[in-house]
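Below, each chain spelled out in residue letters.
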Amino acid sequence: MDTHRPTPIPAAPSPATPLCDALRDAGEWNPAWDPFYELDPAWTEKFMDMGLAPLRRGVLDAKTVEFIAIAVDASCTHLYAPGVRRHIRKALALGASPQEIAAVLQCVSVLGIHSMSLGAPILLEEIAAARAGAASTRP
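This is a predicted model, so every value here is computed, not measured. In this convention, every chain numbers its residues from 1, walking through the sequence in written order. For a predicted model such as this one, the threshold for reporting local features is a pLDDT of at least 70, and the threshold for listing and counting side-chain atom pairs is 80 or more; totals across whole chains, interfaces and linings nevertheless cover every residue. Remark: hydrogens and water are excluded; side-chain values derive from all non-hydrogen atoms of the structure.

Can you tell me about the packing of aromatic side chains, naming the residues and giving the values?
For this analysis, a ring pair means two rings from Phe, Tyr or Trp (six-membered ring only for Trp) whose centres lie within 6.5 Å, classed as stacked if their planes differ by under 30 degrees, edge-to-face if by over 60, and tilted for the remaining angles. Counting across every chain of the model gives four aromatic pairs. Relative to Y37, the ring of W29 lies with its centre 5.8 Å away and its plane at 85 degrees, an arrangement referred to as edge-to-face. Categorising residues by exposure relies on relative accessible area from a 1.4 Å probe, with only protein chains included: less than 20% of the type maximum marks a residue as buried, more than 50% marks it as exposed, and the intermediate range marks it as partly exposed. Looking at W29, the relative accessible area reads 11%, which means it is buried. Considering the side-chain rings of W43 and F47, the 5.4 Å spacing of their centres and the 15 degrees angle between planes classify their relative orientation as stacked. Residue W43 and its partner F47 are located together in helix α3 (residues 41-56), separated by four residues, close to a single helical turn. For F47, a relative accessible area of 36% gives the class partly exposed. Against the face of W29 rests R24, its NZ or CZ located 4.1 Å from the ring centre. In this scheme, Lys NZ or Arg CZ marks a charge over a ring once it lies within 6 Å of the ring centre and within 35 degrees of the ring normal. Between R24 and the ring centre of Y37, over which it is positioned, the NZ or CZ distance is 4.4 Å. Strands are runs of DSSP state E lasting at least two residues, helices are runs of H or I lasting at least four, and both sets are numbered from the N terminus onward.

Describe unusual backbone geometry, naming the residues involved and giving the relevant values.
Residues other than glycine predominantly adopt negative phi, and peptide bonds predominantly adopt the trans conformation. In this structure, L79 takes a positive phi of about 50 degrees despite not being glycine. Within the secondary structure layout, L79 lies in the loop between α4 (62-74) and α5 (81-93).

Account for the packing of helix α1 (residues 18-25) against α3, with residues named and values stated.
Lines fitted to C-alpha atoms define the axes here, with helix axes fitted over just the stretch in contact, and angles between the N-to-C directions of these axes take values from 0 to 180 degrees. Remark: α1 packs on α3, axes separated minimally by 8 Å, with the N-to-C direction vectors making an angle of 70 degrees. Taken together, α1 and α3 sit at an angle that is classed as roughly perpendicular. The segment α1 lies against α3, with P18, L19, C20 and L23 engaging T44, E45, M48, D49, L52 and R56. Angles below 35 degrees are treated as roughly parallel, those above 145 as roughly antiparallel, those between 65 and 115 as roughly perpendicular, and all remaining angles as oblique. Contact criterion: two residues are considered in contact whenever any of their non-hydrogen atoms come within 4.5 Å of each other.

Lay out α1 with the relevant residues and their values.
Burial in α1 covers these residues: L19, C20 and L23. For α1, the arc enclosing every buried residue in end-on projection is 100 degrees, short of the 170-degree limit, so these residues lie on one face. When the buried face of α1 is taken as reference, the exposed residues oriented beyond 90 degrees from it are P18 and D25. Buried positions along α1 lie against α2 (34-39) and α3. Residue G27 follows α1 closely and has a positive phi angle near 75 degrees. Relevant arc is that of directions from the helix axis to the C-beta atoms, nothing else.

Could you give an account of α4, naming the residues involved and the relevant values?
Expected span, for any helix, means 1.5 Å times one less than how many residues it has. End to end, α4 covers 18 Å across 13 residues, agreeing with the expected 18 Å (1.5 Å per residue, within 8%). Buried residues of α4: V65, E66, F67, A69, I70 and D73, and no others. In this structure, the buried residues of α4 make contact with α3, α5 and α6 (98-109). Within 3.5 Å is the distance limit for a polar contact, defined as a pair of N or O atoms, with the added protein rule that one can donate a hydrogen and the other accept it, and that residues adjacent in sequence qualify only through two side-chain atoms. At the N-terminal end of α4, a side-chain oxygen is found 3.1 Å from the backbone nitrogen of K63, two or three residues along, and the residue is D61.

Any details on the layout of surface pockets? Residues and values, ideally.
Using a grid of 1 Å spacing that covers the protein atoms alone, one calls a set of points a cavity when a 1.4 Å probe fits there but cannot get out, and a pocket when the set is open and has protein on both sides within 12 Å along at least five of seven lines; lining residues are those with an atom within 4 Å of a point. Grid points are joined across faces, edges and corners, and a volume is the space filled by probe spheres set on the points. Counted as a void, the largest pocket has a volume near 730 Å³. Taken together, 26 residues form the lining of the largest pocket, with W33, G51, L52, A69 and H87 sitting closest to its centre. Breaking the lining of the largest pocket down by element, the ones donating at least two residues are α1, α3, α4 and α5. When its residues are assigned to classes, the lining of the largest pocket shows 17 nonpolar, four polar and five charged. Gly counts as polar in this scheme, as do all residues outside two lists: the nonpolar Ala, Val, Leu, Ile, Met, Phe, Trp, Tyr, Cys and Pro, and the charged Asp, Glu, Lys and Arg.

Right, dumping it as structure tokens:
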């Protein structure tokens, strides 16, 4: 009978995550980030540092950063309504006009055109193949 029990692995000390903590305190934390924060707080802190670098260094002004955040959160690949709402509020508070925000949303809306750019030529090819009575040889 084997009575050997594996030695428990001690928990690593939690790294300091001042940016993540500040985002939580400011109500800027996305709950979708919780799982990867739980798995690797140090990596998450580095990721947040990278994403916040333009604002923290003053490379971009705060209103421009909010415009970019609106565009990312509203994009067809993201569609994160709580972020869109939060960043629109912040942009308005920073003096953005409704027309500027609408322009950002209009710019990002063109991302969806790629669905037509991909699908429309395939549709035309398949229609032509169906009319010719042959199945398309393309995958």
